[in-house]
Amino acid sequence: MKKRKQSLAENLDTSLWKLLPHDVVEVILECVPVKPLLRFRCVSKKWKLTIDSPGFKERQLMRRRQLRGPDVLIMSLSYDRPVRREGRGRKVVLSAASASRRRLGWNVSYTCGMFCAGSCDGLVCVYCLYVDSIVGNPATGWHRSFPLSNYQGLLIQRFKREGSDFPWPSLGFGRDKLSGTFKPVWLYNSSGFVLGGADKAVVTYCEVFDFSTNAWRYVVPASPYPINAYHKPVHLDGSLYWLTESEPPLLLSFDLHTETFQVICKAPFADPRHITMCVLHNRLCLSEQKHLTQVIWSFDSSDKTWNTLCSFDLNPTGDFAAPLLPIAILDKGQLLLQGRASMDPLVIHDLHYRSYDLLCTPKSPSGSVYYFESLFSA
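Basis of the calculations
Residues numbered from 1 in each chain as written. Predicted model: local features only at pLDDT ≥ 70, side-chain atom pairs only at ≥ 80, totals over all residues. Heavy atoms only, no water. Phe/Tyr/Trp six-rings, centres within 6.5 Å; stacked < 30°, edge-to-face > 60°. Helix = DSSP H or I, 4+ residues; strand = E, 2+ residues; numbered from the N terminus. Buried < 20%, exposed > 50% of the residue type's maximum accessible area, 1.4 Å probe, protein only. Lys NZ or Arg CZ within 6 Å of the ring centre and 35° of its normal. Salt bridge = Lys/Arg side-chain N within 4 Å of Asp/Glu carboxyl O. Pairing = 2+ DSSP bridges.

- Labelled according to an unreviewed UniProt entry, the protein chain appears under the name (rape) hypothetical protein, originating from Brassica napus.

Here it is, written out as structure tokens:
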């Protein structure tokens, strides 16, 4: 195998590739998957500089999104388990027995039970309350850890005082689309902590991690409204989004470049208990359960309105009576879903034929996110 890879690199260096203008070579390389690109860095110094450049990484990810649908990462939440991939979108529509499944290079032994919603330009973020968090690129194998926030320290103290029977928010992870900087973000309410007593109004605190200084810092002012701790924040187009505790709930955004909060609009529902926020087809979406029907709303940022993307009946046999978490829209109108529990199966719902197919059932606690391969690191 090593001899074959070396031969490929030598052929690339001595063939007609030398006769092509370098800008043409760049366009061709942008269509190549990440794994071969990592090998092609050895062809020449010029190719290495090209593949490692920020502009090329941006264009490669853009091409990847144009040429194929999202992959699905299945992340184990138990000890000493690697990240796995379930093949690209148009392949996972096959039966569970024949769906493409292969391991990626990111094999991190980690005592983690939580992960950020979705992926962010090829990076995923996993975290725990008691040990350092990890952000990594499963395609390249790159990863790094970052320390606990002040909020996690407060949460540990509260657990010791009261136990863990109360809602607490999830970590957000996104990317500043102007500077290209990746940022983990904690947004939390003051209620229940020493910093805010019962006789004080509930305020919010925001902590952002800076990879350049390897430290957390507070953002002031934080959110103007307390957030709903039951929903994971999602990232889209340079901003993180939360739902507020107000009635009706409000959609709240955090611009990762200006680091400012803004109320976008009201949510299209009154009761947030059966709601899931997600990103489908590069659009912010809300999934709402109405009895045995699940409705997915899509947000139109141009006029700040919510439109029905699709609706479907939950399995009438009772197998999927609870609301399912939308993961990704695959080819030909097929929606990838997973139950809320960590051992629930991955299923594919055909929006045209209104049928369910079982993709796979986890053998250990796991969670799934949509994913596009990239060359990025934080």
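**So, the packing of aromatic side chains**
(1) Moving on: The tally for this structure, following the rule as stated, stands at 17 aromatic pairs.
(2) Moving on: With centroids separated by 6.1 Å and ring planes inclined at 55°, the aromatic side chains of Phe146 and Trp216 adopt a geometry described as tilted. With Phe146 in strand 7 (residues 143-146) and Trp216 in strand 11 (residues 215-218), this pair connects stretches of sequence that are 70 residues apart. Each member of the pair, Phe146 together with Trp216, is buried.
(3) Moving on: Look at Phe159 and Trp168: their rings are 6.1 Å apart centre to centre, the planes differ by 75°, and that puts the pair in the edge-to-face class.
(4) Moving on: Among the aromatic residues, ring-to-ring pairing joins Tyr127, Tyr151, Trp186, Tyr188 and Tyr205 into one connected group.
(5) Moving on: Above the plane of the ring of Phe372 lies Arg65, whose end atom (NZ or CZ) is 5.3 Å from the centre.
(6) Moving on: Over the face of the ring belonging to Phe166 we find Arg158, whose NZ or CZ atom lies 3.7 Å from the ring centre.

**Quick notes on the pattern of salt bridges**
(1) Moving on: Throughout the structure, instances matching the rule amount to 14 salt bridges.
(2) Moving on: A salt bridge links Asp52 to Lys48, with the shortest nitrogen-to-oxygen separation between them at 3.0 Å. Of the two residues, Asp52 and Lys48 both sit in helix 4 (residues 45-52), four residues apart, roughly one turn of that helix.
(3) Moving on: Taking relative accessible area as the criterion, Asp52 reaches 29% and is therefore assigned partly exposed.
(4) Moving on: Linking Glu162 and Arg158 is a salt bridge whose minimum nitrogen-to-oxygen distance equals 3.2 Å. Placement of both Glu162 and Arg158 in helix 6 (residues 150-162) is noted, with a separation of four residues, approximately one turn of the helix.
(5) Moving on: Looking at Glu162, the relative accessible area reads 44%, which means it is partly exposed.
(6) Moving on: Accessibility expressed as a relative area gives 12% for Arg158, which makes it buried.
(7) Moving on: If you follow the salt bridges from partner to partner, you end up with Glu26, Glu30, Arg59 and Arg63 in one network.

**Let's talk about the sheet that holds strand 5 (residues 124-127)**
Picture the strands of a sheet paired through backbone hydrogen bonds; they go either parallel or antiparallel.
(1) Moving on: Sheet architecture is open: four strands sit in the order 4-5-6-7, paired in antiparallel fashion. Here the strands that pair on one side only, and so sit at the sheet edges, are strand 4 (114-115) and strand 7.
(2) Moving on: Note: strand 5 against strand 6 (residues 133-136), three bridges, orientation antiparallel. Looking at strand 6, one finds that Val126 is bridged to Ile134.

**Regarding the pairing of strand 9 (residues 182-189)**
(1) Moving on: The buried count for strand 9 comes to eight of eight residues, which makes it a mostly enclosed element.
(2) Moving on: Residues Phe182, Pro184, Trp186 and Tyr188 point to one face of strand 9 and Lys183, Val185, Leu187 and Asn189 to the other, with burial holding for every one of them.
(3) Moving on: Taken together, the four bridges between strand 8 (residues 172-175) and strand 9 define a ladder with antiparallel strand orientation. Across the sheet, Gly172 pairs through a bridge with Val185, a residue of strand 9.
(4) Moving on: Hairpin connection, strand 8 to strand 9: the antiparallel pair is bridged by six residues, and Gly180 has positive phi, about 80°.
(5) Moving on: With five bridges joining them, strand 9 and strand 10 (residues 204-210) adopt antiparallel strand pairing. Across the sheet, Tyr188 pairs through a bridge with Tyr205, a residue of strand 10.

**Re unusual backbone geometry**
(1) Moving on: Following Val220, the chain continues into Pro221 via a peptide bond in cis, with omega recorded as 0°.
(2) Moving on: Relative to the elements of secondary structure, Pro221 occurs in the loop between strand 11 and strand 12 (234-236).
(3) Moving on: Even without a glycine there, the phi angle at Glu259 is positive, about 55°.
(4) Moving on: Along the chain, Glu259 falls in the loop between strand 14 (250-255) and strand 15 (260-266).

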